[in-house]
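# Notes for the structure review
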Amino acid sequence: MAKKMLKYDKTDAEASVRAELIVQSLREFCDDIDQTGGLVLHGEGSHYVPAASDDWIDLGETYLKACKALRRKPKIAEED
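These remarks concern the structure in this document.

Reading guide: rules and limits
Residues numbered from 1 in each chain as written. Predicted model: local features only at pLDDT ≥ 70, side-chain atom pairs only at ≥ 80, totals over all residues. Heavy atoms only, no water. Disulfide = S-S within 2.5 Å. Buried < 20%, exposed > 50% of the residue type's maximum accessible area, 1.4 Å probe, protein only. Helix = DSSP H or I, 4+ residues; strand = E, 2+ residues; numbered from the N terminus. Pairing = 2+ DSSP bridges.

## Topic: the state of the cysteines
Applying the stated criterion across every chain, the model contains 0 disulfides. Unpaired in this structure, cysteine 30 has its nearest cysteine sulfur neighbour in cysteine 67, at a distance of 3.8 Å. Residue classification places cysteine 30 among the buried residues on the basis of a relative accessible area of 0%.

## Looking at the side chain of aspartate 34
For aspartate 34, the location among the structural elements is in helix α1 (residues 2-35). Aspartate 34 sits in the buried class, given a relative accessible area of 16%.

## Some remarks on the pairing of strand β1 (residues 39-42)
In terms of strand pairing, β1 meets strand β2 (residues 47-50) through 4 bridges, oriented antiparallel. Pairing of leucine 39 across the sheet is with proline 50, part of β2. Linking β1 back to β2 in an antiparallel pair, the connection comprises 4 residues, with glycine 43 at a positive phi of about 55°.

Listed below in structure tokens is the structure:
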């Protein structure tokens, strides 16, 4: 029975490490987008894209989801 408890402890510890890596990765991703200007409205204003590259529509959507998951306010750049 002791071995079974150790296995669960190890599994819980590994899951905790993976969860922390996921959170850290989301934070770093959001920081990268923020440091390059945040998001801007693309074209007719139908969706957001990173200010650094308006070709990456999916990154804008992913950034918004990551911010929501982290309970973080997304950086939305003002139009000039």
